[in-house]
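Residues per chain, in single letters:
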Amino acid sequence: MQASHVKYRLGKSYGFQILTYILAFACVVPLIAILFFIIKAGVTKINWHFLVNIPKPVGETGGGIANALVGSILIIIVASVIAIPIGIMAGVYLSENRKSRLAYWCRLSTDILQGVPSIVIGIVAYFWLVKPLGKFSALSGSAALAMMMLPIVVRSTEETLKLLPDTLKEAALALGMPFHRVIFKVIIPVGISGILSGVMLSIARITGETAPLLFTAFGNPYLSTNLTQPMQSLPLLIFNYATSPYNEWHDLAWGASLILLLWVLFLNIFTKIVTRKWKVQL
Amino acid sequence: MESTVIKSRNFNASFGSNHVVKNVNIDIPRNHVIAVMGPSGCGKTTYLRCINRMHELIPGASSSGEMKLNEEDVYQMHPIFVRLKIGMVFQRPNPFPNLSIYDNVIAGYKLNGIKLPKAERDRIVEHSLSRVALWNEVKDSLNKKGSFLSGGQQQRLCIARAVAMEPEVLLFDEPTSALDPISTSTVEELFHELKVNYTLIIVTHNMQQAARVSDKTAFFFMGELVEYDDTKIMFTNPKDNRTQNYITGRFS
């Protein structure tokens, strides 16, 4: 009787193990499916011509996504320039002043900001920047994306720096270093791999954001590098062209989807390599 | 007549409402090794960290009374100048993990943005590493990271880093408690050599170490400085009962 009960429990445990295998595999399926589908649909559209030309008017075949590619890169660079310094400094503040009242509110705000739907951030940017300035612009799109990047950069910086031993800071202070040098020459360089990984992930995160750009950067069928004017971006192009009734435009959207996917994939892999390479052994 | 380098009068330190150092009066003579011993929680480390104003970095910490370095009140000076004149070595070796051995030694200059010609930097690095008997062991691997060294070597690297700034006083907070016996004896030998140029204040919970390395010993108990005298007298003929009990191992 004892033996049969043990057998029963072993069988249950075995079944449970198999279940975890299956469910773990199930997590891989969506990505594989997406990759398969998009590569199948998009790979034939991509060639040199596709990358360096702007879309052609309806009825003409060919055309590319150069305007969206350039636009995405520009918008993301400007968003990074806004969000990264603010985010890292706020993260430094949070890890240095763990219990202050401002730290509490800052932490709470970033947590909530992270949960704010991106469309809401887009609307806010519209009312704060687009309406007062009287026109859609890439800059307002960058500001909206910067708001989305902030929480990720702040929290990853804070978490990274919190893990550094206090003895490191003491070593620097005992050598007579002023606070700002302790931060810039010791604390940030030692934690750089964690901070960078947060920065890269936040870039990967905003690369595919469409909603905040809908009524800020707006989109532009032509190549524009003027930040104060409407600008195209990859997700906007996909949104507009995929919902259009023209087959040529659908093809363009598929190709752009693949490019966007490869970009995010590359960023994620690059992050892993960089964090491993720059990790400071404590 | 030997001159006094550190002098405290009625010195008190606390963490919030916890009064950890009570009314300490002490005169520390130049170019001597002073051991500060006492049971855990007696305030010896706190007192040490008050000397170079590291104590005040802890939230809620406060201090009062007089602490003088060469007749100048440490608490009237800017903490940065205090810490440049009073170097510190910690309990656990803490070299900068992102810097090479070479850069660790001149970290006090490099990270403070003090520009030195290369020849001068080389001289400081070689001199400091020689002072801590580490030069021969690392001279071929100066570009490797500091964390590549063994624990004992790392601790000597940290001493070299403090020595490189040419301070007047060196504070050691239980410098050998994380080291093996061989590294401990290497570090202890250094104390004798270093006192020629510096004044050394060493916090230790190890009585044998205090007896081995120091010229004078201070005994702290419950935040008070119970007794302070020549090490020989402290260990052979202490005046206070509590010192007697401590060194004979009746409590620890």
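Residues numbered from 1 in each chain as written. Chains lettered and ligands numbered in written order. Predicted model: local features only at pLDDT ≥ 70, side-chain atom pairs only at ≥ 80, totals over all residues.

It is worth spelling out the overall build of chain B at this point. Counting its regular elements, chain B contains 11 helices and 10 strands. Against the compact-globule benchmark of 18 Å for 252 residues, chain B has a radius of gyration of 18 Å, which places it among compact chains. Counting only C-alpha atoms, chain B reaches 55 × 40 × 40 Å along its principal axes. Counting only residues that meet the buried cut, chain B has 48% of its 252 residues in that class. Across chain B, the fraction of contacts at a sequence separation of at least 24, relative to all contacts at a separation of at least 6, is 69%. (Helix = DSSP H or I, 4+ residues; strand = E, 2+ residues; numbered from the N terminus. Rg over C-alpha atoms; globule rule 2.2 N^0.38 Å. Buried ≥ 20, exposed ≤ 12 C-beta atoms within 10 Å, placed from the backbone. Contact = placed C-beta atoms within 7 Å.)

The next thing to look at is the interface of chain A and chain B. Taken together, the 19 residues of chain A in the interface contact 21 residues of chain B. Within the residue set of the side of chain A that touches chain B, elements represented by two or more residues are α7 (166–174) and α8 (179–190) of chain A. No other element matches the seven residues that α7(A) contributes to the side of chain A that touches chain B. The class makeup of the residues in the side of chain A that touches chain B is 13 nonpolar, three polar and three charged. (Nonpolar A, V, L, I, M, F, W, Y, C, P; charged D, E, K, R; others polar.)

One broad rule of soluble globular proteins: the nonpolar side chains tend to lie buried together. Among the nonpolar cores identified, the biggest contains 140 residues, and A:Met149, A:Ala256, B:Val36, B:Leu200, B:Ile201 and B:Ile202 are the most heavily contacted of them. Among the elements that take part in this core, helix α6 (residues 138–162) of chain A stands out by supplying 14 residues, more than any other. Once residues within four sequence positions are removed from consideration, A:Ala256 is found in contact with A:Ile65, A:Ala68, A:Leu234, A:Leu237 and A:Ile238. (Core = buried A, V, L, I, M, F, W, Y, C linked by C-beta atoms within 7 Å.)

Glancing now at the pairing of strand β1 (residues 4–15) of chain B. Residues and elements named next belong to chain B. By the bridge criterion, eight bridges tie β1 to strand β2 (residues 18–29) in an arrangement that is antiparallel. Of the residues in β2, the one forming a bridge with Phe15 is Asn18. Adjacent in sequence and paired antiparallel, β1 and β2 are bridged by two residues, among which Gly16 carries a positive phi angle near 55 degrees. With eight bridges joining them, β1 and strand β4 (residues 61–69) adopt antiparallel strand pairing. (Pairing = 2+ DSSP bridges.)

The phi torsion at B:Asn10 lies on the positive side, around 50 degrees, for a residue other than glycine. Take B:Asn10: it is sitting in strand β1.

Attention now goes to the domain arrangement of chain A. Residue and element names in this part refer to chain A. Looking at chain A, the domain boundaries give domain 1 (2–45) and domain 2 (50–278). Using only C-alpha atoms to locate each centre, domain 1 and domain 2 end up separated by 33 Å. Facing six residues of domain 1, the contacting portion of domain 2 comprises seven residues. Considering only residue class, the side of domain 1 that touches domain 2 consists of four nonpolar, one polar and one charged. (Domains from an automatic or database assignment.)

Attention now goes to the packing of helix α5 (residues 118–131) of chain B against helix α7 (residues 151–164) of chain B. All names here are of chain B. It is at 8 Å that the axes of α5 and α7 come closest, and there the two elements cross at 125 degrees. Here α5 lies oblique to α7, going by the angle between them. Relative to α7, the crossing made by α5 is right-handed. Facing Ile124, Ser128, Leu129 and Arg131 of α5, the residues of α7 in contact are Ala160, Val163 and Ala164. Broken down by class, the residue content of the contact of α5 with α7 amounts to five nonpolar, one polar and one charged. (Axes fitted to C-alpha atoms, helices over the stretch in contact; angles between N-to-C directions. Parallel < 35°, antiparallel > 145°, perpendicular 65-115°, else oblique. Left-handed = near helix turned anticlockwise from the far one by under 90°.)

Detailed reading of the predicted model is not advised wherever pLDDT is low. With 98% of its residues at a pLDDT of 70 or more, chain B has an overall mean of 90. We note a pTM of 0.85 for the whole complex and an ipTM of 0.87 for its interfaces. (pLDDT = per-residue confidence, 0-100.)

What follows concerns the environment of B:Val163. Residues and elements named next belong to chain B. Within the element layout of this structure, Val163 appears in helix α7. Residue class for Val163 comes out buried when judged on the 26 C-beta atoms lying within 10 Å of it. For the pair Val163 and Glu189, spaced 26 residues apart in sequence, the C-alpha to C-alpha distance is 15 Å. In this structure Val163 touches Ser128, Arg131 and Val132, once residues within four positions along its chain are discounted.

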